[in-house]
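What follows is the residue order along each chain.
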Amino acid sequence: MFDNKIVLAGVKPTGKPHLGNYLGAIKPAIALGHRALAQGGSHYMFIADYHAINAEKNPAVLNEMLKEIACIYLAAGLDPKESVFYRQSDIHEIPEITTILYAYTPKGFMNKAHAYKAAVDKNREAGKPDDDGINMGLYTYPTLMAADILTFNTDIVPVGKDQVQHVEIARDIAGAINAHYNRDLLRLPEYYIDENVAVVPGVDGRKMSKSYGNVIPLFEDDAAIKKAVFSIKTDSRPLEEPKDPEEILVYQIYKAIASPAELQEMGDGLRQGKLGYGHIKNMLLDAVIAEVKDAREKYNYYMAHFAEVEGMLEDGAAKARPIAKETLKRLKDAVFGR
Ligand code: TRP
């Protein structure tokens, strides 16, 4: 599916990720990059820092968030020698390309883009004016995202469901430009949704999410992970009572992380009344710690040696820019009739 394809993914800083982010987004994104590379394709992964300034205005906070996100991806196994890993703001051609795309972006697309619509809905619910607190960066962000994608002749953009509309907007803008000049100036991207990605429940059974306060942390110490795992909701049935594993939250979380054999062992133990909640929480704890141990060490290393990461990002930008320059030239030549 990725034969010789150009796959591009953008990541926004999220703050310290939890186990749900890690298993449900970060690891699958990196695995997908490896798949693309193994099939002769190329993989671009960038930190969407221009997107981040729409929401975060404190430079110290922003800087820390951007450092964290770079270190997280490297710690989780992104190989910057294989994947092109860069910061959006280092590719000066992207804002120039965005300006050209604006001329082909119907304003109505932006009105309908759901990041903007969600912000308006929130204002209405709070009884505020529609556009309260909404800046032009947020309003026009699908056009910048289109430039992120179109600059690198992207074939495939792996996304979550919430981003599908934005890839479609990129495709529509590219199609409008190609039609106007009657040639293939820009490659039409497609989105790709990975259906096998785990949705990890949190310690209270709702989707794991920072806003619910139900997370299992990732880059904290073993004690913090243990505290969260032991707070997972259980009931007071005795150990010997046979249980349906599917009804047990610890087991549901274990599913996202355990091997089939490990999962079988926990399932059998519960069905046969041989494993109690203390046992299965320890099994889950061991699995989480085994999973994150290396990544946590690497993360701490990169955070403490950020100059190395800086060098990797600069190398990434040096690889990416020649392609961005070509795209910009192609567009300018067409637009200005040179
Ligand atoms: N909008 C994406 C998000 O919120 C991040 C992003 C920015 C992106 N530019 C992109 C994703 C280009 C894929 C391709 O997660």
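Let me sum up the structure you'll find in this document. (Residues numbered from 1 in each chain as written. Predicted model: local features only at pLDDT ≥ 70, side-chain atom pairs only at ≥ 80, totals over all residues. Heavy atoms only, no water.)

**Observations concerning the nonpolar core**
Inference 1: Ranked by size, the top nonpolar core spans 61 residues in total, and within it Tyr73, Phe85, Ile216, Ile232, Tyr254, Ile280 and Leu284 carry the most contacts.
Inference 2: Per element, the largest residue contribution to this core is 13 residues, and it comes from helix 13 (residues 277-304).
Inference 3: The contact partners of Leu284, leaving out residues within four places of it in the chain, are Val229, Ile232, Val250, Ile253, Tyr254, Ile257 and Met266.
Inference 4: Counting 46 residues, the second-largest nonpolar core is a separate cluster that includes Ala113, Tyr141, Ile149 and Val159. (Core = buried A, V, L, I, M, F, W, Y, C linked by side-chain atoms within 4.5 Å. Buried < 20%, exposed > 50% of the residue type's maximum accessible area, 1.4 Å probe, protein only. Helix = DSSP H or I, 4+ residues; strand = E, 2+ residues; numbered from the N terminus. Contact = heavy atoms within 4.5 Å.)

**A word on the packing of aromatic side chains**
Inference 1: For the structure shown, the criterion picks out nine aromatic pairs.
Inference 2: The interplanar angle of 50° and the centroid separation of 5.5 Å between the aromatic rings of Tyr86 and Phe152 together place this pair among those described as tilted. Remark: Phe152 occurs in the loop between helix 8 (141-150) and strand 4 (156-158) and Tyr86 occurs in strand 3 (residues 84-87); sequence separation between them is 66 residues.
Inference 3: By relative accessible area, Phe152 is classed as buried at 0%.
Inference 4: The structure contains a cluster of three or more aromatic residues connected by ring pairs, namely Tyr44, Phe46, Tyr86 and Phe152.
Inference 5: In this arrangement the basic side chain of Lys226 is found over the ring face of Phe230, its NZ or CZ atom lying 5.7 Å from the centre.
Inference 6: Against the face of Tyr277 rests Lys243, its NZ or CZ located 5.5 Å from the ring centre. (Phe/Tyr/Trp six-rings, centres within 6.5 Å; stacked < 30°, edge-to-face > 60°. Lys NZ or Arg CZ within 6 Å of the ring centre and 35° of its normal.)

**Side note on the site of the ligand**
Inference 1: The immediate surroundings of the ligand are formed by Leu8, Gly10, Lys12, Phe46, His51, Tyr141, Met145, Asp148, Ile149, Val157 and Gln163.
Inference 2: In the model, an oxygen atom of the ligand is placed 3.3 Å from a nitrogen or oxygen of the Lys12 side chain.
Inference 3: Between the ligand and the protein, one listed contact pairs a nitrogen atom with a side-chain N or O atom of Tyr141 at 3.0 Å.
Inference 4: Put simply, the parts of the chain that give the shell around the ligand at least two residues each are strand 1 (6-11) and helix 8.
Inference 5: Broken down by element, the residue count for the shell around the ligand peaks at four residues, all from helix 8.
Inference 6: Partitioning the shell around the ligand into residue classes produces six nonpolar, three polar and two charged. (Near = heavy atom within 4 Å. Polar contact = N/O pair within 3.5 Å; in protein donor to acceptor, adjacent residues only side chain to side chain. Nonpolar A, V, L, I, M, F, W, Y, C, P; charged D, E, K, R; others polar.)

**Remarks on the packing of helix 3 (residues 59-75) against helix 13**
Inference 1: The geometry of helix 3 relative to helix 13 is characterised by a closest axis approach of 8 Å and an angle of 140° between their N-to-C directions. Between helix 3 and helix 13, the angle falls in the class oblique. Read as a crossing pair, helix 3 and helix 13 show a hand that is right-handed. Where helix 3 approaches helix 13, its residues Glu64, Lys67, Glu68, Cys71, Ile72, Leu74 and Ala75 are matched on the opposing element by Ala295, Lys298, Tyr299, Tyr302 and Met303.
Inference 2: Grouping the amino acids of the contact of helix 3 with helix 13 by side-chain chemistry returns eight nonpolar, no polar and four charged. (Axes fitted to C-alpha atoms, helices over the stretch in contact; angles between N-to-C directions. Parallel < 35°, antiparallel > 145°, perpendicular 65-115°, else oblique. Left-handed = near helix turned anticlockwise from the far one by under 90°.)

Note that all results are geometric; they support no functional claim without further evidence.
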